Amino acid sequence: MLMTDMDFFKKEVASHLSSFNLEYRSYADGDFGALEQVIFDTQNIGGNFDFWESGWLGIYIYDYISDSEVCNKLLEPSEEHQETLKEIVTEIFVNLKHM
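No experiment lies behind these values; they were computed from the predicted model shown. Every chain is numbered independently, its residues counted from 1 as its sequence is written. With the structure being a predicted model, the display of local features is reserved for residues of pLDDT at least 70 and the display and counting of side-chain atom pairs for 80 or more, all residues being used for whole-chain, interface and lining totals. With hydrogens and water excluded, all non-hydrogen atoms of the structure serve as input to the side-chain values.

Quick look at the overall build of the chain now. Helical segments are the DSSP runs of H or I of at least four residues, strand segments are the runs of E of at least two, and each set is numbered from the N terminus. Across its full length, the chain carries two helices and five strands. Ordering the α and β elements of the chain from the N terminus gives α-β-β-β-β-β-α. For this analysis, residues touch if any pair of their heavy atoms sits within 4.5 Å. Long-range contacts, defined here as pairs at least 24 residues apart, represent 30% of the contacts in the chain between residues at least 6 apart. Areas reported here follow the Shrake-Rupley algorithm with a probe of radius 1.4 Å; residue values treat only the protein chains shown as occluding. Summed over its atoms, the accessible surface of the chain is roughly 6100 Å², and 47% of this surface lies on carbon and sulfur atoms.

What follows is the structure in structure tokens.
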């Protein structure tokens, strides 16, 4: 059975975000079909991962300290999502260590 991006996130990524408040949301109708969204938040940084049923992945990260956007990506279904998620989470922690 193929692991979905959301399954991968919960199994391989969420545990690395233990210092964040995580909120899971679902929406039946969105721009690219049904949407499963993970909102993450701390005092310094926040954002969301959007997992669309059509295979698109949205990644948005905002730095509250510098009041600036850190990342705003929309990956097509044909792009590698799982490795990108791991890289983005690693980058979040690198940024947090510099704050």
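Let us look at the sheet that holds strand 1 (residues 21-27). Read across the open sheet, the five strands follow the order 1-2-3-4-5; overall the sheet is antiparallel. Strands at the two margins of the open sheet, each flanked by one partner only, are strand 1 and strand 5 (68-75). The sheet shows a mean angle of 10° between the axes of neighbouring strands, direction not considered. Strand pairing is assigned whenever DSSP identifies at least 2 bridges connecting the two strands. As paired strands, strand 2 (residues 35-41) and strand 3 (residues 45-52) are joined by seven bridges and run antiparallel to one another. By the bridge assignment, V38 is partnered in strand 3 with F49. In this analysis, axes come from line fits to C-alpha atoms, helices being fitted only over the stretch in contact, and the angle between any two N-to-C directions falls in the range 0 to 180 degrees.

Quick look at the nonpolar core now. Counting residues in each nonpolar core, the largest one holds 21 residues, and the members touching the most others are F9, F49, F51, I59 and I61. Listing elements by their share of this core, those giving two or more residues are helix 1 (5-13), strand 2, strand 3, strand 4 (57-63), strand 5 and helix 2 (82-97). If sequence neighbours within four positions are ignored, I61 has contacts with F40, I45, G46, G47, E69, V70, C71, I88 and I92. What makes a nonpolar core is a set of buried Ala, Val, Leu, Ile, Met, Phe, Trp, Tyr and Cys residues whose side-chain atoms join them at distances within 4.5 Å. Here the term buried applies to any residue with accessible area under 20% of the maximum for its type, exposed to any over 50%, and partly exposed to those in between, with areas from a 1.4 Å probe on protein chains only.

Turning our eyes to something else, we now look at the packing of aromatic side chains. Pairing of aromatic rings covers Phe, Tyr and Trp, the last counted by its six-membered ring, and requires centre-to-centre distances within 6.5 Å; plane angles under 30 degrees mean stacked, over 60 mean edge-to-face, and any other angle means tilted. For the coordinates displayed, the defined rule picks out eight aromatic pairs. Each ring, one from F20 and one from F40, has its centre 5.6 Å from the other, and the planes form 75°; the classification is edge-to-face. Here F20, found in the loop between helix 1 and strand 1, pairs with F40, found in strand 2; they are 20 residues apart in sequence, far enough to count as distant. Judged by centre distance (6.4 Å) and plane angle (20°), the rings of Y60 and Y62 are stacked. Put simply, the rings of F9, F20, F40, F49 and F51 touch in pairs and so form one group of aromatic residues. Geometrically, a lysine NZ or arginine CZ counts as sitting over a ring once it is within 6 Å of the ring centre and also within 35 degrees of the ring normal. Lying over the aromatic face of Y24, K10 brings its terminal NZ or CZ to 5.3 Å of the ring centre.

Among the residues of helix 1, D5, M6, F8, F9 and V13 are the ones counted as buried. On an axial view of helix 1, the arc spanned by its buried residues comes to 155°, and they lie on one face. Here the arc refers to the directions that run from the helix axis out to each C-beta atom.

It is worth spelling out the side chain of Q37 at this point. Position of Q37 among the secondary structure elements: in strand 2. A relative accessible area of 12% places Q37 in the buried class. At 2.7 Å, the side chain of Q37 forms a polar contact with the side chain of D50. For Q37, the contacting residues outside a window of four places in its chain are M6, E23, Y24, R25, Y27, N48, F49 and D50. What qualifies as a polar contact is a pair of N or O atoms within 3.5 Å, subject to a donor-acceptor requirement within protein and to the restriction that residues adjacent in sequence count only when both atoms come from side chains.

On average, residues of the chain carry a pLDDT of 84, and 90% of them reach 70 or more. Element-level pLDDT for the chain is lowest in helix 2, with a mean of 73, against a maximum mean of 94 in strand 1. Every residue is assigned a pLDDT by the predictor, reflecting its confidence on a scale from 0 to 100.

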